[in-house]
Amino acid sequence: MSAQTATELSDLLLKQWNRDPANLLQILIALQRDLNHIPNEAIRYLASELSLPQSVVEGVIGFYTFLHRQPRGHYDLLFSDNITDQMQGSRDRAQQLATALNVDLGATSEDLGLSLGYTSCIGMPDQGPAALINGKTLTRLSKERMDQIADLIKQQTPVDQWPEEFFTVEDNIRRRDILLDTVLDKGAALTSYLSQGPDKLLDEIERSGLRGRGGAGFKTALKWRFCREAKGEDPVVVCNADEGEPGTFKDRVLLQSYADRLIEGMTLCAAIIGASQGFIYLRGEYRYLLEPLQQELQKRRDSGLLGSTIQGHASLDFDIEIHLGAGAYICGEESALIESLEGKRGIPRIRPPFPVTQGYLGRPTVVNNVETFIAAAMIADNGADWFRSRGTSESTGTKLLSISGDCARPGIYEYPFGTSIQTILDDCDATNTQAVQVAGPAGMTLPASEFNRVIAFDDVPTGGSFMVFDHSRNMLEAVQNFADFFVHESCGFCTPCRVGTSLLKKRLEKVIAGHATGMDLEKMIEIGHLMKTSSHCGLGTTAANPILDTIEKFPLLYDERLKTTSFEPAFDLNKALDEAREITGRTDPGAYVEGGGV
Amino acid sequence: MSGKVKVATTSLAGCFGCHMSFLDIDERLIALSELVEFDRTPITDIKEVGPCDIGLIEGGVCNAENVEVLKEFRRNCRILVAMGACAINGGIPAMRNSFDLKECLEESYVHGVGVEDPQIPSDTEIPLLLNKVHPIHEVVKIDYFLPGCPPPADTIWTFFEQLLNNQPVEFTYRQIHYD
Amino acid sequence: MIRHFTLDGKKIPFREGQTIMEAAQDAGIYIPHLCYNPEFVPHGSCRVCTVKANGRIVASCTTPATEEMQVENETEELQGNRRELLQMLFVEGNHVCPGCEKSGACQLQAVAYYTGMLAPEFTYFYPMRTVDSSHPDVAIDYNRCILCELCVRASRDEDGKNIFSIDGRGINTHLTVNSASGKLGDTDFDVHDKAAQVCPVGAILPKHEGYNIPIGQRLYDRKPISVVGDVADHQEE
Ligand SMILES: Cc1cc2nc3c(=O)[nH]c(=O)nc-3n(C[C@H](O)[C@H](O)[C@H](O)COP(=O)(O)O)c2cc1C
Ligand code: SF4
Ligand code: SF4
Ligand code: SF4
């Protein structure tokens, strides 16, 4: 523990972050890291120094999963809880550790200084079970490794002295196509920009047909053009490296091994739209990438490819800052991301205005996915025809897929758009496949009868998540995992999503416990449709998908568990008498009721 | 419908206010009695509900006995109606849901004003309390809801009139109230 | 040139930049809403004002009107959606109308009456929430807060006091008060503040005036909200 007071530390951080309220979240993340929590003293100090209401600072802390007002242990261990982690035994490992150390999951043990819990997918399903310890990524948590970790904690060994191999993150690239196979020389895209000029290059990107790789599939050239033509001053380039969609990890690999190309793509975009400021919004779960990315940025600066007078051109003046997230899936939604960049709660904005006209601090802002920037850089160097040599007419080029779950070879696969699900399953050695969840919990659940469908914007669109389930799996466990995920990740702003996610979770639990009837399914469909049509943002409009999809395409999952009564109570009648039985000590027949419905 | 329509009513965790309001339909009761015949109600003193066409439930579900009676009604009534705020959302009795059951019982039987021989009763004659008070639609299927605390006599009358005449049940603006 | 869109078959004029809601209000047409109040920046969170514009369901308070837009408002489908949204708000909090001083002049109730909602048919949450009566003139009953953030907006944008904020996430989202104790009594909140006048429900209530107007004679007891208008319009004497 450092001898610094929370106020002194806050002061240091305020200086480092220019006393700018827009950097509040970054300051809070740093405080959390150093003090294991954000003490009231720091909250008061920051509020007064940044002229913010104290309750606003508290509200920011309260929004992000990784920020706490109560101290966490100096070992803060969070197991990744995506369904594919669970399928690799994550829950057993967590329990193993809890038992070995005699602590409760979800609690903090004072003696050991250990907090133990679960968190949403941390993007390592190809090398799980995985966890975060003090924000650092642990992979391949075998039983043996768990025993070792238990010993390390018992001996109070500091995390930076733990064996390095615990923290190894592999790329696992299994299939390469034009994007990963083509070499991009440092600065080549910028050279191309300098020789062609912005208009011709935008035309070229437009002709390539490049659409956003983050999920929504908006035409990239169009977005850049809108921003370029927007009235506001001082545009901004933002890379969305939030990669929060459970089961997706392709951006992680790109950030780890292709960061230079990303920076090149962002710089290209900056040159075209006339931006001098850029951000990489890096999800908190990928904190281990922060220093390597900063080094990549520095390398580019050192070689005159970033900063002022890029490649000797005074007009090219662009630099990039990295902002961390702090555990909020919604911050991948571009307008919530911008709010978060501004140091606020990640609540999606009302649109219009769109970010391209009024984004970060009201300035015109391009937000693109990691893969999109890289593709744009490659197109600038290799031309539209090169890009169009792959894919279909509506979905040009290739797509990186993050494949995990029941297959022999999980990892990154680059495919031309138009590749069928079955081909992909064959390539990753998936056998006996029951279902594939494409595009994460928000996406589609596909049964075998639909494996002939193809990855494409107009068929099965995806940001990159591809989770495989074989016939040994109970798909309802996946559906429940997804429902829990959305309850946890709903930002709480709008009624249908805030309340609907919890209502769906309750009903689903009723189904799984075998207490539901057909009426419950009808109610779930009704709630799901309301969320789909009435929610404020994409999280709410897609959160019911796993339930709606499986009710439609896997009816047996539900039918098998339904009661034949027309109605079953919403709660366990006998359990509701537990407390009274305990208080009165009664065990007579009158102290019980007949459970179930009529 | 042939013959008279059989109606049963009961009050669970309620105050009989809804029943009073029902009686408030005044002279229309006579018209109603031409059409209906009462089974178990607080008025008839029949203790067990038999097969009925319509069951009116006042009050939410707060104890084991409420659960049993409600289910018995559901088994016997073709149409089951939640009558009044408490049946619909627990109402005033549900205000105890902001406290633990233990807190509530201790407040009444241990720390309460004027309590002699403080102890929480455990007599087997007394129905055991549920952790929380629940609306009746969480325990059985409900076919119609008559809001109000109590529902205005006019709302109750309109309900019967429309239902008995096989019309869709629809209320005017002033017939819908939650207070 | 005045431009028009169509709302439930009627031609409605609008000015450039107006939302569907604003144009409808100017034309005297009621679209149900809770978090919308024309005096403050639109919020779009309650979703009760959702309409169908050119086939898409959108919040009318945040969606700009456009020429020739075809808007549906009072269809059975939309009223059904609204009833469900209202039910969600009811079960999410603790609303015991018979014991609430706001009853009869509460906008949540009024919109529910207007859409013909008879009962919340979802499973109740029964959240454990508190009442803050620390302030001499105003009480906050968090059981009834529907997170419309009107008090937040009013205190920030009009009173310049920033008394209210939002904390938590998802279903744990909640209203907070900006003071070290979190109590309203420890702020400079005043009963004459704008923020004391805008709560559409019985969450922020003035003290000392219980049941001045008898139940049965209150704002929405006789006439629907579509005729009487928002409760905030009737709160400032
Ligand atoms: C709930 C939600 C989460 C999202 N998460 C991400 C994400 O993690 N990464 C991403 O690139 N896009 C994400 N998006 C999509 C972004 O809003 C936005 O469309 C994208 O960043 C634009 O970049 P692109 O055009 O390059 O795809 C998300 C959208 C929603 C609604
Ligand atoms: S849909 Fe969900 S995540 Fe999106 S704004 Fe509404 S509550 Fe927030
Ligand atoms: S705030 Fe409105 S809906 Fe809630 S209890 Fe009071 S009157 Fe009823
Ligand atoms: S207290 Fe009232 S005005 Fe404030 S957010 Fe809650 S419901 Fe809205």
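Residues numbered from 1 in each chain as written. Chains lettered and ligands numbered in written order. Predicted model: local features only at pLDDT ≥ 70, side-chain atom pairs only at ≥ 80, totals over all residues. Heavy atoms only, no water.

Trainee: Help me understand the overall build of chain C, please; the structure alone is not making it clear to me.
Mentor: Per the secondary structure count, chain C includes six helices and 10 strands. Here chain C has a C-alpha radius of gyration of 18 Å; the compact-globule value for 237 residues is 18 Å, and the two agree. Principal axes of the C-alpha set define a box for chain C whose edges measure 55 × 40 × 35 Å. In chain C, which comprises 237 residues, the proportion classed as buried is 61%. Taking contacts inside chain C between residues at least 6 apart in sequence as the whole, the part at least 24 apart equals 63%. Of the accessible surface of chain C, which amounts to about 9,300 Å², a share of 48% is contributed by carbon and sulfur atoms. Between the averaged position of the 22 positive side-chain charges in chain C and that of its 33 negative side-chain charges there is a distance of 3 Å. (Helix = DSSP H or I, 4+ residues; strand = E, 2+ residues; numbered from the N terminus. Rg over C-alpha atoms; globule rule 2.2 N^0.38 Å. Buried < 20%, exposed > 50% of the residue type's maximum accessible area, 1.4 Å probe, protein only. Contact = heavy atoms within 4.5 Å. Areas by Shrake-Rupley, 256 points an atom, 1.4 Å probe, with all protein chains shown as cover. Lys, Arg positive; Asp, Glu negative; His and termini not counted. Charge placed at Lys NZ, Arg CZ, Asp CG, Glu CD.)

Trainee: I would appreciate a short explanation of the overall build of chain B in the present structure.
Mentor: Summing up its helical and strand segments, chain B has six helices and seven strands in all. Along chain B, helices (α) and strands (β) appear in the sequence β-α-α-β-β-β-α-β-α-α-β-β-α when read from the amino end. Computed over its C-alpha atoms, the radius of gyration of chain B comes to 18 Å, within 12% of the 16 Å expected for a compact globule of 179 residues. Look at the contacts in chain B between residues 6 or more apart in sequence, and 77% of them connect residues 24 or more apart. Counting every atom, chain B has about 8,100 Å² of accessible surface; 52% of that belongs to carbon and sulfur. Side-chain charges of chain B comprise 14 positive and 27 negative groups, with the mean position of each set lying 7 Å from the other.

Trainee: Teacher, can you tell me more about the sheet that holds strand 3 (residues 52–58) of chain B here?
Mentor: Picture the strands of a sheet paired through backbone hydrogen bonds; they go either parallel or antiparallel. All names here are of chain B. Strands sit in the order 2-1-3-5-7 across an open sheet of five strands; the sheet is parallel. Pairing within the sheet leaves two strands with one partner each, and these edge strands are strand 2 (36–38) and strand 7 (144–146). If you compare each strand with its neighbour and ignore which way they point, the axes differ by 30 degrees on average. By the bridge criterion, three bridges tie strand 5 (residues 77–83) to strand 7 in an arrangement that is parallel. Bridge assignment links Met83 to a residue of strand 7, and that residue is Leu146. (Pairing = 2+ DSSP bridges. Axes fitted to C-alpha atoms, helices over the stretch in contact; angles between N-to-C directions.)

Trainee: Which parts of the structure should I look at to understand the site of ligand 1?
Mentor: Residues and elements named next belong to chain A. Inspection of the region around ligand 1 gives 19 residues, with Gly214, Asn240, Asn368, Asn369 and Thr372 positioned closest. Take Arg213: an N or O atom from its main chain is 3.2 Å from an oxygen atom of ligand 1. At 3.5 Å from an oxygen atom of ligand 1 is found a main-chain nitrogen or oxygen belonging to Val367. Listed by contribution, the elements that provide at least two residues to the shell around ligand 1 are strand 10 (365–369) and helix 21 (538–542). Looking at the shell around ligand 1 residue by residue, the classes come out as four nonpolar, nine polar and six charged. (Near = heavy atom within 4 Å. Polar contact = N/O pair within 3.5 Å; in protein donor to acceptor, adjacent residues only side chain to side chain. Nonpolar A, V, L, I, M, F, W, Y, C, P; charged D, E, K, R; others polar.)

Trainee: What is the right way to look at the pairing of strand 7 (residues 236–241) of chain A in this model?
Mentor: Residues in a regular strand project their side chains so that they alternate between the two faces of the sheet. All names here are of chain A. Most of strand 7 is tucked away, with six of its six residues classed as buried. A two-sided burial pattern is seen for strand 7, the buried positions comprising Val236, Val238 and Asn240 on one face and Val237, Cys239 and Ala241 on the other. Two strands pair when backbone bridges link them, and strand 7 and strand 8 (residues 277–282) are joined in this way by six bridges, in the parallel orientation. Across the sheet, Ala241 pairs through a bridge with Leu282, a residue of strand 8.

Trainee: How should I be thinking about the interface of chain A and chain C in this particular structure?
Mentor: You'll often see interface size given as the accessible area lost when the parts meet. Between chain A and chain C, the contact holds 40 residues from the first and 37 residues from the second. At the boundary of chain A and chain C, one finds two salt bridges. Arg498 of chain A serves as the salt-bridge partner of Glu92 of chain C, at 2.6 Å between the closest nitrogen and oxygen. Taken together, the links from chain A to chain C amount to 18 residue pairs in polar contact (both at pLDDT 80 or more). Take the side of chain A that touches chain C: its biggest share by element is nine residues, from helix 19 (residues 495–512) of chain A. Residues belonging to the side of chain A that touches chain C are distributed by class as follows: 16 nonpolar, 16 polar and eight charged. (Salt bridge = Lys/Arg side-chain N within 4 Å of Asp/Glu carboxyl O.)

Trainee: In this structure, what is going on with the environment of Pro364 of chain A? I would like to understand it.
Mentor: Residue and element names in this part refer to chain A. On the secondary structure map, Pro364 appears in the loop between helix 14 (334–341) and strand 10. Overall, Pro364 belongs to the buried group, its relative accessible area being 1%. As a C-alpha pair, Pro364 and Glu58 span 306 residues in sequence and 29 Å in three-dimensional space.

Trainee: Is there a simple way to explain the pairing of strand 12 (residues 411–416) of chain A in this structure?
Mentor: Residues and elements named next belong to chain A. Most of strand 12 is tucked away: six of the six residues are buried. Relative to strand 12, strand 6 (residues 173–175) is paired through two bridges, and the arrangement is parallel. The residue bridging Arg175 from the neighbouring strand is Tyr413, located in strand 12. Inspection of the sheet shows strand 11 (residues 398–405) paired to strand 12 by six bridges, in the antiparallel sense. Bridging across to strand 12, Leu400 finds its partner in Glu414.

Trainee: Help me out: how do you make sense of the environment of Pro589 of chain A in this one?
Mentor: Position of Pro589 of chain A relative to the elements: it lies in the segment after helix 24 (578–584). Spatially, the C-alpha atoms of Pro589 of chain A and His515 of chain A are 23 Å apart, while their sequence positions differ by 74 residues.

Trainee: In this structure, what is going on with the environment of Arg228 of chain A? I would like to understand it.
Mentor: Residue and element names in this part refer to chain A. In this fold, Arg228 is placed in helix 10 (residues 220–229). Separated by 174 residues in sequence, Arg228 and Ser402 place their C-alpha atoms 33 Å apart. A polar side-chain atom of Arg228 sits 3.0 Å from a polar atom in the side chain of Asp199.

Trainee: Even after reading the chapter, I still don't get the packing of aromatic side chains, so can you show me in this structure?
Mentor: For any pair of aromatic rings, the description rests on two quantities: the centre-to-centre distance and the angle between the ring planes. Applying the stated criterion across every chain, the model contains 21 aromatic pairs over all chains. For the pair Tyr75 of chain A and Trp162 of chain A, a centre-to-centre distance of 6.1 Å together with 25 degrees between the ring planes defines the contact as stacked. A residue pair is termed long-range when its members are at least 10 positions apart, and Tyr75 of chain A in strand 1 (residues 75–80) and Trp162 of chain A in the loop between helix 7 (143–154) and strand 6 qualify at 87 residues. Measuring from ring centre to ring centre gives 5.6 Å for Phe22 of chain B and Phe160 of chain B, while their planes differ by 10 degrees; the resulting arrangement is stacked. With Phe22 of chain B in helix 1 (residues 17–23) and Phe160 of chain B in helix 6 (residues 153–164), this residue pair connects regions lying 138 residues apart in the sequence. A single burial state applies to Phe22 of chain B and to Phe160 of chain B, both of which are buried. (Phe/Tyr/Trp six-rings, centres within 6.5 Å; stacked < 30°, edge-to-face > 60°.)

Trainee: Is there a simple way to think about helix 5 (residues 101–109) of chain B in this case?
Mentor: Every α-helix winds through 3.6 residues per turn, so residues three or four apart in the chain are directed the same way. Turning to helix 5 of chain B, its buried residues are Leu101, Cys104 and Leu105 of chain B. Along helix 5 of chain B, the residues classed as buried sweep out an arc of 90 degrees about the axis, all on the same side. On its buried side, helix 5 of chain B packs onto helix 24 of chain A together with strand 6 (129–134) of chain B. (Arc of directions from axis to C-beta.)

Trainee: Is there a simple way to explain the packing of helix 2 (residues 28–35) of chain B against helix 6 of chain B in this structure?
Mentor: The geometry of a pair of packed helices is captured by two quantities: the angle between their axes and the separation between those axes. Residue and element names in this part refer to chain B. At a minimum axis separation of 12 Å, helix 2 and helix 6 run at an interaxial angle of 30 degrees. The pairing of helix 2 with helix 6 is recorded here as roughly parallel in orientation. In terms of crossing hand, the pair formed by helix 2 and helix 6 is left-handed. Residues Arg28, Ala31, Leu32 and Leu35 of helix 2 pack against Ala153, Asp154, Trp157, Phe160 and Leu164 of helix 6. (Parallel < 35°, antiparallel > 145°, perpendicular 65-115°, else oblique. Left-handed = near helix turned anticlockwise from the far one by under 90°.)

Trainee: Would you mind showing me how to read the interface of chain C and chain B here?
Mentor: In this assembly, 30 residues from chain C lie in contact with 26 residues from chain B. Carbon and sulfur atoms supply 64% of the area buried between chain C and chain B, which totals about 2,400 Å² over both sides. For the chain C face of the interface with chain B, the top three residues by lost area are Tyr113, Leu118 and Tyr126 of chain C, together amounting to 32%. At the junction of chain C and chain B, the tally comes to zero salt bridges. One can count nine residue pairs in polar contact (both at pLDDT 80 or more) joining chain C with chain B. When residues of the side of chain C that touches chain B are traced back to their parent elements, those giving at least two are helix 3 (107–115) and helix 5 (219–222) of chain C. At four residues, helix 3 of chain C tops the list of elements feeding residues into the side of chain C that touches chain B. In terms of residue class, the side of chain C that touches chain B is made up of 19 nonpolar, seven polar and four charged. (Buried area = accessible area lost by both parts, 1.4 Å probe.)

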